[in-house]
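Now for the letters of each chain:
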Amino acid sequence: MEEGKVERKFPVKAKLKSKARGPKQTNESKYWSSFKTRQIPNLISVPSLTFSPTPPHSFAAAHSATLTLFSSQTLSPTATISSFSDAVSCASFRSDALLLAASDLSGLVQVFDAKSRTPLRRLRSHTRPVRFVHFPLLDKLHLISAGDDALVKFWDVAEEASIAEFIGHKDYVRCGDSSPVNSDVFITGSYDHVVKLWDVRVRDSKSSVQVNHGAPVEDAVFLPSGGIVATAGGNSVKLWDLIGGGRLLFSMESHNKTVTSLCVGKIGNDFGEESNQFRIMSVGLDGYLKVFDYGSFKVTHSMRFPAPLLSVGYSPGCSTRVIGTSNGVIYASKKKVKESEKKKEIESSSFWRVAPVELTEKRVLRPSHFRYFHRGQGEKPSAGDYLVMKPKKVKLAEHDRLLNKFEHAEALVSVLESKNPENVLAVMEELVARKTLLKCVSNLGVEKLELLLVFLHKYSTMPRYSSLLMGLTKKVLEMRADDIRASKALKSHVRNLKRSVEEEIRVQQSLQEIQGIISPLLKIAGR
């Protein structure tokens, strides 16, 4: 005879609406979440990302001893510069995007033609690794560089000569930025916790303003007004009023680990009334991207990535965001644009490509695709989807937690202090099963023994609990007789216990007498 097949059915709840476990998304969170993320893998640690200031806003990524240029439309590499003898640390486009400067850890700064990628100038600027190189935004002739020798230099690119050296930092200089309103003014940030404001017209190597971030400074940027600076170091991002003499305006401490990079970006025109407003984007070793509205001093969006983040960039056209990680992956996010705007972008960027790129259809997400598993908690189910509910985690009581740790005496004392008779009986029964109840009673101190006697006095005569507590009372009196004789408080509790037991005995005797009278009458009535 064939055995019947056993079917297993898993409990599911059909056609339930999705329920977000986090807070409801704001309009700005929806805006930033609309960026579709794509991975650019197989690189080595990406410490620097920078966008071209002119359309089509290609971006350069530094990784290992290579600088790679990517298209912001297709997110594919367009050129590679590998004429470096050491790891590339930083890169910067000139304001007209015709020149591209890059530095490496050998102390060399190279200036390239951005179109042909041929080296034009080689500036042997520092004796130690160069960590920061930058073209002033409103200047086409000069370059700023700084590095681990704590020196800051101002260069004439055409002459390949250093115009000025700025000495003042006491540790590695790792970052900086130039003023968006004055090409003669720039800032530098150092591991000596200090951010300094320099003016190239002042030749005595003294900074105009300096602020102390309170931690090694990893990045520093000007805000568009030119009067406020954002600095990153430790787990905080701070805003400083330079016009007010370096006054601290706000400190954002929403990261859990070191903040590694900052950039300032503008919300696109499709965001309604708040479009064209600027935001600060910060990334850190905790894997989080934070979007900070410095007008209202609050974080408006947060996103988690599966690796420590080292760099962040945002295109001036508000359409592309790139994030570099320590494991060699670039998370490039592209804003979905209308068909008409997409055609304009492709036409404007045609001279950057050898051959036109066909518009591809939207790919369907499949289980083998990375984005399939990162669609977000607020993803709405389809009509035929089933939602399997995850059981909620039960929070254990204190005595249960102690029992799990086999701390039996502490569990007994904890449940006695809670004064819940059901829980006390449950713990005592568990200790009986573990054969440790009498051992716990023998180890109780005088104060804890008093708690036990109070409980026995109150509940040992109750019928629900008497089967266990009366036997326990007898054992307690036998085991701790010496301690009871030596303490007046314990003697008082024992006397009260004795009176309650005697009272219960009298009640039971009276009930037996009544039962003896009623039982014959009930038998007669039953005939």
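On a predicted model such as this, the values are computed, not experimentally measured, just so you know. (Residues numbered from 1 in each chain as written. Predicted model: local features only at pLDDT ≥ 70, side-chain atom pairs only at ≥ 80, totals over all residues. Heavy atoms only, no water.)

Here we look at the overall build of the protein chain
Part 1 of the argument: The secondary structure content of the protein chain amounts to ten helices and 30 strands.
Part 2 of the argument: Across the 527 residues that make up the protein chain, the buried fraction comes to 43%.
Part 3 of the argument: The long-range share in the protein chain, meaning contacts at least 24 apart out of those at least 6 apart in sequence, stands at 46%.
Part 4 of the argument: Put simply, the protein chain shows about 29,700 Å² of open surface, and 53% of that area lies on carbon and sulfur atoms. (Helix = DSSP H or I, 4+ residues; strand = E, 2+ residues; numbered from the N terminus. Buried < 20%, exposed > 50% of the residue type's maximum accessible area, 1.4 Å probe, protein only. Contact = heavy atoms within 4.5 Å. Areas by Shrake-Rupley, 256 points an atom, 1.4 Å probe, with all protein chains shown as cover.)

Focus on the pattern of salt bridges
Part 1 of the argument: Summed over all chains, the structure comprises 16 salt bridges.
Part 2 of the argument: Put simply, Glu-28 and Arg-279 hold a salt bridge, and the shortest N to O gap is 2.8 Å. Placement of the pair is Glu-28 in helix 1 (residues 27-33) and Arg-279 in strand 24 (residues 278-284), with a sequence separation of 251 residues.
Part 3 of the argument: Taking the relative accessible area as the measure of exposure, Glu-28 reaches 6% and is therefore buried.
Part 4 of the argument: Note that Arg-201 is salt-bridged to Asp-199, the shortest N-O span being 2.8 Å.
Part 5 of the argument: What emerges from the salt-bridge pattern is a single network uniting Glu-28, Arg-279 and Asp-293. (Salt bridge = Lys/Arg side-chain N within 4 Å of Asp/Glu carboxyl O.)

Comments concerning the sheet that holds strand 14 (residues 161-167)
Part 1 of the argument: Strand order in the open sheet formed by four strands is 11-12-13-14, with antiparallel pairing between adjacent strands. Of all the strands in the sheet, just strand 11 (130-134) and strand 14 have a single pairing partner and so form its edges. Between one strand axis and the next, the sheet turns by 20 degrees as a mean value, whatever way the strands run.
Part 2 of the argument: Looking at chain direction, strand 12 (residues 142-147) and strand 13 (residues 151-156) are connected through five bridges and run antiparallel. Counted as the bridge partner of Leu-143 is Trp-155 from strand 13. (Pairing = 2+ DSSP bridges. Axes fitted to C-alpha atoms, helices over the stretch in contact; angles between N-to-C directions.)

Overview of the nonpolar core
Part 1 of the argument: Among the nonpolar cores identified, the biggest contains 28 residues, and Leu-412, Met-428, Leu-452, Phe-455, Leu-469, Leu-472 and Val-476 are the most heavily contacted of them.
Part 2 of the argument: Discounting chain neighbours no more than four positions away, the residues touching Phe-455 are Leu-416, Pro-421, Val-424, Leu-425, Met-428, Ser-460 and Leu-469.
Part 3 of the argument: If you look at the next biggest cluster of nonpolar residues, it comprises 18 residues, including Phe-35, Met-281, Leu-289 and Ile-323. (Core = buried A, V, L, I, M, F, W, Y, C linked by side-chain atoms within 4.5 Å.)

Some details on the confidence of the model for the protein chain
Part 1 of the argument: Mean pLDDT over the protein chain stands at 83; residues scoring 70 or higher make up 85%.
Part 2 of the argument: Predicted confidence is poor over residues 348-362, with pLDDT under 50, and the contacts of this stretch with residues over four places away or in other chains come to twelve contacts. (pLDDT = per-residue confidence, 0-100.)

Section: helix 5 (residues 421-433)
Part 1 of the argument: Helix length check: helix 5, at 13 residues, gives a terminal C-alpha distance of 18 Å against a target of 18 Å (1.5 Å per residue), a fit within 8%.
Part 2 of the argument: Three or more residues of helix 5 are buried, namely Pro-421, Val-424, Leu-425, Val-427, Met-428 and Leu-431. Summarising the axial view, the buried residues of helix 5 lie within an arc of 165 degrees, below the 170-degree limit, and thus occupy one face.
Part 3 of the argument: Considering only its buried residues, helix 5 is in contact with helix 3 (398-404), helix 4 (408-418), helix 6 (437-442), helix 7 (446-459) and helix 8 (463-479).
Part 4 of the argument: For helix 5, the N-terminal cap is Asn-420; the gap from its side-chain oxygen to the backbone nitrogen of Glu-422 is 3.2 Å. (Expected span 1.5 Å × (residues − 1). Arc of directions from axis to C-beta. Polar contact = N/O pair within 3.5 Å; in protein donor to acceptor, adjacent residues only side chain to side chain.)

Some words on a nonpolar patch on the surface
Part 1 of the argument: Side chains of Val-507, Leu-511, Ile-514, Ile-517, Ile-518, Leu-521, Leu-522 and Ile-524 sit close together on the surface and give an oily, nonpolar patch of about 780 Å² of accessible area.
Part 2 of the argument: In this structure, Ile-518 sits in helix 10 (residues 488-526). (Patch = residues over 30% accessible without salt bridge, like charges linked within 9 Å, V, L, I, M, F, W, Y side chains within 5 Å.)

Considerations on the packing of aromatic side chains
Part 1 of the argument: For the structure on display, the rule yields 17 aromatic pairs.
Part 2 of the argument: Pairing Phe-166 with Trp-198 gives two aromatic rings, centres 5.3 Å apart and planes at 50 degrees, and the pair type is tilted. Separated by 32 residues along the polypeptide, Phe-166 in strand 14 and Trp-198 in strand 17 (residues 194-199) bring together distant segments of the chain.
Part 3 of the argument: Taking relative accessible area as the criterion, Trp-198 reaches 1% and is therefore assigned buried.
Part 4 of the argument: By the ring-pair criterion, three or more aromatic residues cluster together here, those being Tyr-31, Trp-32, Phe-35 and Tyr-314.
Part 5 of the argument: Between Arg-174 and the ring centre of Tyr-191, over which it is positioned, the NZ or CZ distance is 4.6 Å.
Part 6 of the argument: Geometry around Phe-35 places Arg-321 over its ring, the cationic atom sitting 5.3 Å from the centre. (Phe/Tyr/Trp six-rings, centres within 6.5 Å; stacked < 30°, edge-to-face > 60°. Lys NZ or Arg CZ within 6 Å of the ring centre and 35° of its normal.)

A short note on empty space enclosed by the protein
Taking a probe equal in size to a water molecule and rolling it over the atoms shows the remaining empty space.
Part 1 of the argument: This model, assessed by the stated rule, comprises two cavities of 30 Å³ or more.
Part 2 of the argument: Here the second largest cavity is characterised by a volume of approximately 40 Å³.
Part 3 of the argument: Every residue along the wall of the second largest cavity is listed here: Ile-187, Val-195, Lys-196, Leu-197, Val-209, Val-211, Val-229 and Leu-242.
Part 4 of the argument: The dominant element in the lining of the second largest cavity, judged by the number of residues it contributes, is strand 17, at three residues. (1 Å grid on protein atoms, 1.4 Å probe; cavity = no way out; pocket = protein on both sides within 12 Å on 5 of 7 lines; lining within 4 Å. Points joined across faces, edges and corners; volume = space filled by probe spheres on them.)

Quick notes on the pairing of strand 23 (residues 259-266)
Part 1 of the argument: Buried residues dominate strand 23, accounting for six of its eight residues.
Part 2 of the argument: The sheet contact formed by strand 23 and strand 24 spans seven bridges and is antiparallel. Across the sheet, Cys-263 pairs through a bridge with Met-281, a residue of strand 24.

Concerning helix 10
Part 1 of the argument: In a regular helix each residue adds 1.5 Å, so 39 residues correspond to 57 Å; helix 10 covers 56 Å between its end C-alpha atoms and thus fits that length.
Part 2 of the argument: The sharpest bend along helix 10 comes to roughly 25 degrees, located at Ile-518, with the proline Pro-520 sitting one to four residues further on.
Part 3 of the argument: Those residues of helix 10 that fall on the buried side of the exposure criterion are Leu-490, His-493, Leu-497 and Ser-500.
Part 4 of the argument: Next to the buried residues of helix 10 lie helix 7, helix 8 and helix 9 (481-486).
Part 5 of the argument: Between the side-chain oxygen at the start of helix 10 and the backbone nitrogen of Ala-489 there is a gap of 3.5 Å, and the oxygen is on Ser-487. (Bend = angle between axes of the 7 residues up to and from the residue.)

Regarding the side chain of Ser-145
Part 1 of the argument: Along the chain, Ser-145 falls in strand 12.
Part 2 of the argument: Using a relative accessible area of 0% as the deciding quantity, one classes Ser-145 as buried.

Focus: the pairing of strand 12
Part 1 of the argument: Among the six residues of strand 12, six are classified as buried, and the element is accordingly described as predominantly covered.
Part 2 of the argument: With burial as the criterion, each face of strand 12 is covered, one bearing His-142, Ile-144 and Ala-146 and the other bearing Leu-143, Ser-145 and Gly-147.
Part 3 of the argument: Hairpin connection of strand 12 to strand 13: three residues between the antiparallel strands, including Ala-150 at a positive phi of 65 degrees.

Some points on the sheet that holds strand 6 (residues 77-81)
Part 1 of the argument: Judged by pairing direction, the sheet is antiparallel, and its four strands sit side by side in the order 3-4-5-6 without closing on themselves. Two strands in the sheet have a free side with no partner beyond their single neighbour: strand 3 (48-51) and strand 6. Shown here is a sheet whose adjacent strand axes are inclined to one another by a mean of 20 degrees, direction ignored.
Part 2 of the argument: The pairing of strand 4 (residues 59-63) with strand 5 (residues 66-70) spans five bridges and is antiparallel. Directly across from Ala-60, in strand 5, lies its bridge partner Leu-69.

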